[in-house]
Amino acid sequence: MSVRDQILAQVRANQPVNERPLPDLTSFPVRTSEVLDQFMTVLSSIGGKPVQVKDYSGIETYLQENPYPGRIISSIPALQHLADPIPENTDPHELANVELAIITGTFGVAENSAIWVTEANFQQRAVPFICQHLAVVLPADALVANMHQAYERLQGQEYGFGVFIAGPSKTADIEQSLVLGAHGARTMTVFLMG
């Protein structure tokens, strides 16, 4: 018998005898009244900026008071007078000069301030990662408390590309110094609408 066959025989002989059921994950505490405050606190602590607005005019006012010099793109029709539309099916290199990208998020997670976005939210996968500054518009009532609820919400959905984004790009592995924007957006603003 070869060494390979001996190893495989040992693996087959050492299978679990009594399978245990998976733990019940519904026992995690959920404090829905606090999710907005928790989301905003966590987002601020990881370098993002939460901004509460009532509607798109609040976003317009914010952008007028905090202008971004350079190219602004958006996938949101209500903001097309402030930004160019995100070009579909284009070479991502053509987006290298984007200063600010404004996209929509599907829902957010309070425990880590991650926002679920899919390609349907911004047409071009590179957009949230190639821009200098990222702004995400998220309904304030589209928050879940934790990742367990987030994955339950994703059950059965069909999408080509989806990702959780939490705050601006950051790394701390270079001389143990935190660097924002090392490999993605330098800032992230979340417009919590509602």
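For the structure, see preceding data.
1. Looking at the overall build of the protein chain
Secondary structure summary: the protein chain contains 6 helices and 12 strands in total. Its C-alpha atoms give the protein chain principal-axis dimensions of roughly 75 × 40 × 40 Å. Within the protein chain, the proportion of its 194 residues that are buried is 39%. Excluding contacts between residues fewer than 6 apart, the proportion of contacts in the protein chain whose partners are at least 24 apart in sequence is 71%. Split by element, the accessible area of the protein chain, about 11,600 Å² in all, is 52% carbon and sulfur. Across the protein chain, 11 positive and 20 negative side-chain charges occur, with their mean positions spaced 6 Å apart.

2. Some points on the pattern of salt bridges
Following the criterion strictly, the structure yields 2 salt bridges and no others. The salt bridge partner of Arg4 is Asp5, with a shortest N-O separation of 3.6 Å. Classification of Asp5 as partly exposed rests on a relative accessible area of 33%. Between Arg125 and Glu119 there is a salt bridge; the shortest N-O distance is 3.1 Å.

3. Side note on the packing of aromatic side chains
Going through the model one piece at a time under the given rule, you end up with 5 aromatic pairs. The interplanar angle of 75° and the centroid separation of 6.0 Å between the aromatic rings of Tyr151 and Phe164 together place this pair among those described as edge-to-face. One end of the pair, Tyr151, is in helix H6 (residues 147-154); the other, Phe164, is in strand E9 (residues 162-165), and 13 residues separate them in sequence. The partly exposed category is assigned to Tyr151, whose relative accessible area is 46%. Using a relative accessible area of 22% as the deciding quantity, one classes Phe164 as partly exposed. Grouping aromatic residues by their ring pairs yields a cluster made of Phe107, Trp116, Tyr151, Tyr159 and Phe164.

4. Examining the sheet that holds strand E8 (residues 143-144)
Sheet architecture is open: 4 strands sit in the order E8-E5-E6-E9, paired in mixed fashion. Edge positions in the sheet fall to E8 and E9, since each has one partner strand and no second. Pairing geometry for strand E6 (residues 115-118) and E9, over 4 bridges, is antiparallel. Considered in E9, the bridge of Trp116 is made with Phe164. Packing of H6 onto the sheet brings it into contact with strand E5 (107-109), E6, E8 and E9, and relative to E5 it is tilted by some 155°.

5. Quick look at the sheet that holds strand E1 (residues 49-53)
Spatially, E1-E12-E7-E4-E2-E3 is the arrangement adopted by the 6 strands of the open sheet, whose pairing is parallel. Single-partner strands in this sheet number two, and they are E1 and strand E3 (84-85). Across 5 bridges, the pairing between E1 and strand E12 (residues 187-193) is parallel. Bridging from a neighbouring strand, Lys49 pairs with Thr189 of E12. On the sheet, helix H2 (residues 35-45) packs against E1, strand E7 (133-139) and E12 and is oriented at approximately 140° with respect to E1. Lying over the sheet, helix H3 (residues 56-65) contacts E1, strand E4 (98-104), E7 and E12, oriented at roughly 145° with respect to E12.

Conventions adopted
- Residues numbered from 1 in each chain as written.
- Predicted model: local features only at pLDDT ≥ 70, side-chain atom pairs only at ≥ 80, totals over all residues.
- Heavy atoms only, no water.
- Helix = DSSP H or I, 4+ residues; strand = E, 2+ residues; numbered from the N terminus.
- Buried < 20%, exposed > 50% of the residue type's maximum accessible area, 1.4 Å probe, protein only.
- Contact = heavy atoms within 4.5 Å.
- Areas by Shrake-Rupley, 256 points an atom, 1.4 Å probe, with all protein chains shown as cover.
- Lys, Arg positive; Asp, Glu negative; His and termini not counted.
- Charge placed at Lys NZ, Arg CZ, Asp CG, Glu CD.
- Salt bridge = Lys/Arg side-chain N within 4 Å of Asp/Glu carboxyl O.
- Phe/Tyr/Trp six-rings, centres within 6.5 Å; stacked < 30°, edge-to-face > 60°.
- Pairing = 2+ DSSP bridges.
- Axes fitted to C-alpha atoms, helices over the stretch in contact; angles between N-to-C directions.

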